[in-house]
Protein chains: 2
Amino acid sequence: MRLAVIGAGAVGRSVVELAGEHGHEVVAVADSSTAVVADGGSDAVGVDPDAVVARKAERGIVGDDDPEDALAADYDVLVEATPTTLGDAEPGFSHVTTALERDRHAVLANKGPVAERYGDLRAAVDDSDGAIRFEATVGGAIPAVSTVEDIEPGHVTAVRGVLNGTANFILTRMAAEGLDYDHVLAEAQDLGVAEADPSFDVDGTDAALKCVILANVLSFGAADDPADAREFTLDDADVAGIRDVPGSALRLAAEDGQTVRLIGEATGETVRVAPRLVPENGTLAVSGTQNIVQIETSHAGRLNISGRGAGGPETASAVLGDVGRLE
Amino acid sequence: MRLAVIGAGAVGRSVVELAGEHGHEVVAVADSSTAVVADGGSDAVGVDPDAVVARKAERGIVGDDDPEDALAADYDVLVEATPTTLGDAEPGFSHVTTALERDRHAVLANKGPVAERYGDLRAAVDDSDGAIRFEATVGGAIPAVSTVEDIEPGHVTAVRGVLNGTANFILTRMAAEGLDYDHVLAEAQDLGVAEADPSFDVDGTDAALKCVILANVLSFGAADDPADAREFTLDDADVAGIRDVPGSALRLAAEDGQTVRLIGEATGETVRVAPRLVPENGTLAVSGTQNIVQIETSHAGRLNISGRGAGGPETASAVLGDVGRLE
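Residues numbered from 1 in each chain as written. Chains lettered and ligands numbered in written order. Predicted model: local features only at pLDDT ≥ 70, side-chain atom pairs only at ≥ 80, totals over all residues. Heavy atoms only, no water.

## Observations regarding the domain arrangement of chain A
Residue and element names in this part refer to chain A. We note that the domain assignment places domain 1 (2–140 + 315–325) and domain 2 (144–309) within chain A. The centre of domain 1, based on its C-alpha atoms, is set 27 Å off from the matching centre of domain 2. Between domain 1 and domain 2 lies a buried interface of about 1,700 Å² when both sides are counted; carbon and sulfur atoms form 62% of it. The interface formed by domain 1 and domain 2 contains four salt bridges. As a salt-bridge pair, Lys111 and Asp206 come within 3.3 Å of each other at their nearest N and O atoms. One can count twelve residue pairs in polar contact (both at pLDDT 80 or more) joining domain 1 with domain 2. Counting only elements with at least two residues in the side of domain 1 that touches domain 2, the list comes to helix H5 (111–116) and helix H6 (118–126). Looking at the side of domain 1 that touches domain 2, the element that brings in the most residues is H5, giving four residues. Of the residues assigned to the side of domain 1 that touches domain 2, the class counts are six nonpolar, five polar and seven charged. (Domains from an automatic or database assignment. Buried area = accessible area lost by both parts, 1.4 Å probe. Salt bridge = Lys/Arg side-chain N within 4 Å of Asp/Glu carboxyl O. Polar contact = N/O pair within 3.5 Å; in protein donor to acceptor, adjacent residues only side chain to side chain. Helix = DSSP H or I, 4+ residues; strand = E, 2+ residues; numbered from the N terminus. Nonpolar A, V, L, I, M, F, W, Y, C, P; charged D, E, K, R; others polar.)

What follows is the structure, given as structure tokens:
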């Protein structure tokens with residue numbers, strides 16, 4: 001497949017670098033202000049992935065073209081890997097609808113459109129010959145969305161898990177070292193596991209967006225008529241983060257063989273993120289930056305899938321898995 | 001989709017019972033000597049699932065037709081759920097090729113053809129407009145095969161795990177109760193977790209067949225030319241079971257925070273099943289009849305998927321997931 005990669009952050013660059021190994025060709029790359037588009041001649045083999053990534057690293061640009069040129073390029077799949085934005089989820093939302101209006105496919109790593117405008121996305125897909133997929137928006141390398149899809153959302157009663165590696169790392173280190181939140185946050189920032197402004201992760205927003213996406217999948221998937229399906233947005237989520245978890249809570253929990261994890265849960269009716277007590281050797285108590293997705297099914301019991309929830313190559317792997325499913 | 005279900009054991013009966021919930025119609029069911037085929041009139045809605053299952057329970061037959069009638073019926077997907085046989089993998093192998101020769105699809109729960117005649121199956125698929133899927137042959141409800149497929153076998157370096165619930169139950173109980181193998185085997189047989197002749201499970205054959213299937217997927221998936229791919233059969237597997245694991249080994253292991261599990265591992269070059277020491281609170285130390293599949297990837301680290309590895313509804317769930325992917 002020919003890919004137009006919109007977004008040249010860690011995920012976009014990893015998709016550009018790994019696409020060839022999966023048998024795909026990158027025909028365009030765009031960042032927020034520049035683009036590079038393969039010239040489409042008869043022996044064109046797409047853009048040079050290494051050159052594009054190097055140019056971005058050294059000069060902060062991907063090319064001399066305009067981002068609009070990337071959106072107008074001759075691609076099969078548009079990969080939407082620009083930063084997650086809330087509310088109107090722009091410009092990511094429009095990137096996706098531009099592809100669909102041209103009867104092309106879109107694969108999203110950007111959570112914004114899927115969490116905040118799921119109904120509008122579904123409507124755009126209905127009017128298009130193209131399809132959308134968004135495995136990379138939930139759980140990085142963990143195949144959460146496709147597993148729920150294969151079991152069929154009507155047969156999944158709930159999905160829960162540890163969906164944010166930054167918050168999980170902090171809680172793991174607080175429990176392991178007996179340290180307080182502020183101390184461990186500083187350590188996480190030094191390691192590059194937490195950002196300078198960590199609120200998106202530690203306040204539970206990132207986990208909540210992932211749960212909202214799962215709730216939309218469950219709700220629309222189970223509805224006889226999608227027009228009747230309940231649509232979720234971030235506003236529907238009941239969210240509590242980890243800033244107020246004291247070190248003492250973890251010490252007390254440990255006396256009972258328990259610990260604390262930031263757990264998100266989605267059903268077709270509710271979305272909830274909060275710190276919860278879990279058995280310290282139990283399935284949900286994954287360590288460090290690991291994620292886990294636990295799927296409750298009607299006929300097959302509970303499935304647990306754990307792995308790396310974030311990272312350029314990990315998320316790119318999910319994106320390229322989606323491209324493969326569209327072939 | 002219209003399904004012909006060949007095999008009326010626990011898995012076949014569950015597929016018959018659950019197909020309607022997934023929007024599919026069962027047009028034929030066969031056991032080893034009888035069949036029932038829907039009459040295919042203009043308002044036909046397939047066979048009556050409850051009636052078929054009840055008839056099998058009460059009279060030991062599914063209908064008054066002949067199994068050949070089921071194979072000749074007008075179906076979209078043949079579900080091969082007859083007992084696993086080794087070597088020539090008959091009659092299951094021929095059921096699958098019959099469907100493919102008619103340009104229909106086949107979904108297997110029967111491990112025999114996939115483990116013992118993978119090359120012949122691939123050749124039959126190449127000559128057909130139909131496709132085969134076989135998620136249900138490995139790990140029951142766990143989406144092992146489709147996850148490897150989505151990551152792409154060339155990007156999976158190894159797959160390992162606990163793939164037999166009977167053996168795992170026995171080892172779990174031996175460790176928990178400090179009892180010997182023979183005692184726990186008897187308990188497992190009373191509970192219906194182990195069969196009267198448990199050798200298929202406790203000697204590691206069942207786990208080995210699943211690993212052989214995974215090795216075939218990895219080997220053929222990574223090959224540039226399938227004609228060059230190495231084909232695996234059960235004979236290629238290095239297999240040791242659990243009969244000779246003494247209770248003392250588990251007690252000694254526990255002193256070091258370890259336990260013993262029957263671990264199967266497949267790469268594109270080797271298949272090995274043996275009891276192994278694993279950390280007792282680690283990921284591979286699943287309990288009871290649970291299974292776990294651990295997938296090592298090139299770019300996305302390690303994925304762990306645990307859940308129910310066996311059972312009628314669980315395995316049927318995997319079969320119906322495969323049918324959904326063929327639509």
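## Re the packing of H6(A) against helix H11 (residues 205–222) of chain A
Residues and elements named next belong to chain A. Packing of H6 against H11 brings their axes to within 11 Å, and their N-to-C directions diverge by 50°. Here H6 is positioned oblique relative to H11, judged by the angle of their axes. Two packed elements cross with a definite hand, and for H6 against H11 that hand is right-handed. Two secondary-structure elements touch here, H6 through Tyr118, Gly119 and Arg122 and H11 through Asn216, Val217 and Phe220. When the residues that make up the contact of H6 with H11 are grouped by side-chain class, the tally is three nonpolar, two polar and one charged. (Axes fitted to C-alpha atoms, helices over the stretch in contact; angles between N-to-C directions. Parallel < 35°, antiparallel > 145°, perpendicular 65-115°, else oblique. Left-handed = near helix turned anticlockwise from the far one by under 90°. Contact = heavy atoms within 4.5 Å.)

## Here's the deal with the UniProt feature "domain: Homoserine dehydrogenase catalytic" (unreviewed entry) in chain A
According to UniProt, the "domain: Homoserine dehydrogenase catalytic" (unreviewed entry) feature falls on residues 145–323 of chain A. Helix and strand shares over residues 145–323 of chain A are 41% and 23% respectively, and the end C-alpha atoms of the span are 14 Å apart. (UniProt positions renumbered as here; feature names shortened; annotations may be inferred.)

## What to know about the interface of chain B and chain A
With 29 residues of chain B at the interface, the matching set in chain A holds 29 residues. For the pair chain B and chain A, the summed buried surface comes to about 2,400 Å²; carbon and sulfur atoms form 48% of the total. If you look at where chain B meets chain A, you find two salt bridges. Between B:Arg325 and A:Asp150 there is a salt bridge; the shortest N-O distance is 3.1 Å. Sorting the residues of the side of chain B that touches chain A by element identifies helix H7 (144–151), strand E12 (302–308) and helix H13 (312–326) of chain B as the ones contributing at least two each. In terms of residues, the side of chain B that touches chain A owes the most to one element, E12(B), which gives seven residues. Considering only residue class, the side of chain B that touches chain A consists of nine nonpolar, 13 polar and seven charged.

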